[in-house]
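Here's the letter readout for the chains.
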Amino acid sequence: MAGLLLRALRRPLRPFSSAPVSPLPFYSRTPSSSVLSSPFRLFSSAAAPAAAPPSPSGTALDPSRIRNVAVIAHVDHGKTTLMDRLLRQCGADIPHERALDSISLERERGITIASKVTSISWKDNELNMVDTPGHADFGGEVERVVGMVEGAVLVVDAGEGPLAQTKFVVAKALKLGLRPILLLNKVDRPSVSEETCNEVESLVFDLFANLGATEEQLDFPVLYASAKEGWASLTFTKNPAADARNMSPLLDAIIKHVPSPAANLEAPFQMLVSMMERDFYLGRILTGRISSGIIHIGDKIHSLRCTDNGTEKFEEGKVTKLMKKKGTNIIMIDSAGAGDIISVAGLTSPSIGHTVANVEVTTALPTVQLDPPTISMTFGVNDSPLAGRDGTHLTGGKIGDRLLAEAETNLAINVLPGQLSDSYEVQGRGELQLGSILIENMRREGFELSVSPPRVMYKMENNQKLEPIEEVTIEVNDAHVGLVMEALSHRRAEVTDMGPVPGTTGRTRMSLTCPSRGLVGYRSVFSSDTRGTGFMHRAFLSYSKHRGPLGNVRKGVLISVGNGIITAHALMSLEARGTLFVSPGMETYEGMIVGEHSRDSDLDVNPVRTKELTNIRAPGKDENVRLSPPRLMSLEEAIGYVASDELIEVTPKAVRLRKRYLDANKRKMMKNKPKD
């Protein structure tokens, strides 16, 4: 409450208001223009878009009527649902819930993976809204789009308060000088009270102060909302009046508190590319905020990039299409001016971070500085005996082209040549970004590949080894605290705070710092230990001194020494040896991992052994084989399970674990070989 009282003394309470403004057009549209149906990610939607309403005519552009806003929050705090309600409030046709989550993996997992841009009209103003991911692994999406906006709506769950990823996104917004609007979401929950909201507001204020916020940024407006129910309020309430159950207070607050972009329409056209998509018909679609000037269809433009030797010009062309997202539709426009967020087609080479400008401009805009990657994985050709049966893209060249194309649209990923031929080292933010998203997309596209386990990227400073440390927030039942603490102690975690969860009974919240290498593969262990009732959130904190070797976090494995079809007769005798990963009828090969050993050492087994047949009749019936269900691993579980001497074989139809060296004699020789 001390923070709340300090805020009350720091600024007087004043109601939100929106001054009446006179209408002014923002961009022009040709009478024959229509909605563009395009499959690229930024503008795609599950349903075919309806015809967009006609936009104002003329070519006048007024940046004072534009507001560029990002919606930032921790994962599962309600950003995308809030965007749905804002679109519906402004008259957009929403075909389904989570309309902006257009990628199939986003709809399947219920998370936002890529940033999306759309615009809505409210009281003669144009609001360009950017929906950002909330997961720490996709922080690069947040970093490169926050520079396009002048304001942000910080969504915080009123029941959970600010968590690990909240700190990350707030730090990026405050560093760029943004003044966030705090929106306490999910206030309609029974466990949320006005005292709870006051406490969360104080925690957010303390977070801002610890991150070095200015006096103006500390004076942030606060609203209360239920995005699920579709309403926002200036004061705390759980059941607003019928005529007040809408998002008008939030939209009015955006217009009042978010400044319009500082734009010069008389200067030459310049735009920094913040997003890039590919379209089968238009080629590269470059999206960004216009820094200065006006652009028209047919204008001559060129591309610029910053190099060690200065600014380099590398392509010249002309504008063939100008597009803007309106709600869930895409409209063609004739022109756009400084301060607006648009998409340009006509150039084939520029990528994210490059500058698109008029031909007379010779200086490039400063690029966005992203945080460095923390883990790496090696992608290579699938060389197992079962290779080539499921996929269509098998060669190292095709794998490399696909990875380089991904790196062009996602600046948080770096692709480097691997130590072996036809292998590539892919650096990123986390195992979810590289494994569950990138690899899953590649296998759905028909790729076959072998993947190494994640490796942490270390640093050396003053002859001292540094490793990435992550901030972890865990919420579990009291009965599971002991199991979680024991598991994390083996992974070199250190507890920084621990206490009961406000508003609940029998729940404990812990804040820890843990090396990134210790958290690899822990999420599945955590779900098992807590019986699916726990919550774990993590975000990169800093590089710190190496904390020493990890404890014993995994047992040995059962390795197949035979090739062929797995039999129930063989598995019956192997069940006592450990946990099986395979079932009868599956195909195996020498060096493939078929189970987890009950001891710490690896064990070679023969899962294809068949029952001996003789011509001697035996009394009684044959033995009835009953096997326990196998532990079938998902791709995400496999990435966290494999050890440094193992690989994951990924095909469109299967995920298999195997040893790096399939031959047992070669494994023994490499094990005895001294390490560099």
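The rules behind the values
Residues numbered from 1 in each chain as written. Predicted model: local features only at pLDDT ≥ 70, side-chain atom pairs only at ≥ 80, totals over all residues. Heavy atoms only, no water. Helix = DSSP H or I, 4+ residues; strand = E, 2+ residues; numbered from the N terminus. Buried < 20%, exposed > 50% of the residue type's maximum accessible area, 1.4 Å probe, protein only. Contact = heavy atoms within 4.5 Å. Pairing = 2+ DSSP bridges. Core = buried A, V, L, I, M, F, W, Y, C linked by side-chain atoms within 4.5 Å. Axes fitted to C-alpha atoms, helices over the stretch in contact; angles between N-to-C directions. Parallel < 35°, antiparallel > 145°, perpendicular 65-115°, else oblique. Left-handed = near helix turned anticlockwise from the far one by under 90°. Nonpolar A, V, L, I, M, F, W, Y, C, P; charged D, E, K, R; others polar. Polar contact = N/O pair within 3.5 Å; in protein donor to acceptor, adjacent residues only side chain to side chain. Salt bridge = Lys/Arg side-chain N within 4 Å of Asp/Glu carboxyl O. Expected span 1.5 Å × (residues − 1).

Asks: Mind showing me how you'd approach the overall build of the protein chain here?
Replies: The number of helices and strands found in the protein chain is 16 helices and 36 strands. Per-residue burial for the protein chain yields a buried fraction of 54% across its 676 residues. Contacts in the protein chain between residues far apart in sequence, at least 24 positions, make up 75% of those at least 6 positions apart.

Asks: Mind showing me how you'd approach the pairing of strand 17 (residues 341-345) here?
Replies: Two faces, one strand: in a regular strand the side chains alternate between the faces of the sheet. Most of strand 17 sits inside the fold, with five of its five residues counted as buried. The alternating pattern of strand 17 places Ile341, Ser343 and Ala345 and Ile342 and Val344 on opposite faces, both of which are buried. The sheet contact formed by strand 10 (residues 283-292) and strand 17 spans five bridges and is antiparallel. Across the sheet, the residue bridging to Leu286 is Val344, located in strand 17. As judged from the three bridges shared by strand 14 (residues 321-326) and strand 17, these two strands associate in the antiparallel manner. Among the inter-strand pairings, Met323 is bridged to a residue of strand 17, identified as Ser343.

Asks: Explanation requested: the nonpolar core in the structure shown.
Replies: For soluble globular proteins, nonpolar side chains are generally found buried alongside one another. Ranked by size, the top nonpolar core spans 37 residues in total, and within it Met148, Leu154, Leu182, Leu184, Val187, Val204 and Phe208 carry the most contacts. Broken down by element, the residue count for this core peaks at six residues, all from helix 6 (residues 194-210). With sequence-adjacent residues up to four places away left out, Leu184 is seen in contact with Val156, Ala158, Cys197, Val200, Val222, Leu223, Tyr224 and Ala225. Core analysis: the next-biggest nonpolar cluster, separate from the first, contains 30 residues, Phe379, Ile399, Val415 and Phe447 among them.

Asks: For this particular structure, what's the right way to read the sheet that holds strand 29 (residues 557-560)?
Replies: Through backbone hydrogen bonds, the strands of a sheet pair up, either in parallel or in antiparallel fashion. Read from one edge to the other, the open sheet built from four strands follows the order 31-33-29-34, with strand pairing classed as mixed. In this open sheet, the two edge strands, each paired with only one partner strand, are strand 31 (578-580) and strand 34 (603-605). When the angles between neighbouring strand axes are averaged without regard to direction, this sheet yields 30°. Here strand 29 pairs with strand 34 via three bridges, running parallel. When the bridges of strand 34 are listed, Ile559 appears paired with Asp604.

Asks: Can you help me understand unusual backbone geometry in this one?
Replies: Peptide bonds are, in most cases, trans, and in most cases residues other than glycine have a negative phi. You will see that Asp422, though not glycine, has its phi angle at about 60°, which is positive. With respect to the element layout, Asp422 can be found in the loop between strand 20 (414-417) and strand 21 (423-428). For Arg531, which is not glycine, the phi torsion reads 55° and is therefore positive. Along the chain, Arg531 falls in the loop between helix 13 (522-529) and strand 28 (535-545).

Asks: Help me understand the packing of helix 4 (residues 139-146) against helix 5 (residues 164-175) in this model?
Replies: In a pair of packed helices, the angle between the axes and the distance between the axes together describe the arrangement. Two numbers describe how helix 4 lies on helix 5: the axes approach to 10 Å, and their chain directions differ by 20°. Between helix 4 and helix 5, the crossing angle belongs to the class labelled roughly parallel. The way helix 4 lies across helix 5 gives a crossing that is right-handed. Between helix 4, through Gly139, Val142, Glu143 and Val146, and helix 5, the contact on the second element is made entirely by Phe168, Val169, Lys172 and Ala173. A class-by-class count of the residues in the contact of helix 4 with helix 5 yields five nonpolar, one polar and two charged.

Asks: So what exactly am I meant to see when it comes to the environment of Asn606 here?
Replies: Along the polypeptide, Asn606 turns up in the loop between strand 34 and helix 15 (635-641). Judged by its relative accessible area of 32%, Asn606 falls in the partly exposed class. Sequence-distant contacts of Asn606, that is, excluding residues within four places in its chain, are made with Val561, Gly562 and Ala570. A polar contact is formed between the side chain of Asn606 and the backbone nitrogen of Val608, at a distance of 3.3 Å.

Asks: Would you take a moment to explain the pattern of salt bridges for this structure?
Replies: Once the charged atoms of two side chains with opposite charge are near each other, the side chains can pair. This model, assessed by the stated rule, comprises 29 salt bridges. A salt bridge links Arg284 to Glu408, with the nearest nitrogen and oxygen atoms 3.1 Å apart. Pair noted here: Arg284 is in strand 10 and Glu408 is in helix 9 (residues 396-409), with a separation of 124 residues, a long-range link. Given the relative accessible area of 13%, Arg284 is considered buried. In this structure, Glu406 and Arg402 form a salt bridge, with 3.1 Å as the shortest nitrogen-oxygen distance. With Glu406 and Arg402 both in helix 9 and four residues apart, this pair spans about one turn of that helix.

Asks: Any chance you could explain the side chain of Asn68 here in plain terms?
Replies: Within the secondary structure layout, Asn68 lies in strand 1 (residues 66-73). A polar contact of 2.8 Å, which involves the side chain of Asn68, links it to the side chain of Asn128.

Asks: I'm lost on helix 10 (residues 431-444) in this one. Help?
Replies: In an α-helix there are 3.6 residues to a turn, and that puts residues three or four apart on one side. Compared with an ideal rise of 1.5 Å per residue, which puts 14 residues at 20 Å, helix 10 spans 18 Å between its outermost C-alpha atoms and is within 8% of the ideal. When you tally the buried positions in helix 10, you get twelve out of 14 residues, the bulk of the element. Listing the buried residues of helix 10 in full gives Glu431, Leu432, Gln433, Leu434, Gly435, Ser436, Ile437, Leu438, Ile439, Glu440, Met442 and Arg443. Just beyond helix 10, the residue with positive phi is Gly446, at close to 100°.

Asks: Help me understand the packing of helix 9 against helix 10, please; the structure alone is not making it clear to me.
Replies: As a packed pair, helix 9 and helix 10 sit with axes 12 Å apart at the nearest point and diverge in direction by 135°. Between helix 9 and helix 10, the angle falls in the class oblique. For helix 9 against helix 10, the interelement crossing comes out right-handed. Across the interface between the two elements, Ile399, Arg402, Leu403 and Glu406 from helix 9 touch Leu438, Asn441 and Met442 from helix 10. Its residues placed into classes, the contact of helix 9 with helix 10 shows four nonpolar, one polar and two charged.

So far we have only geometry, and geometry alone does not tell us how the molecule works.
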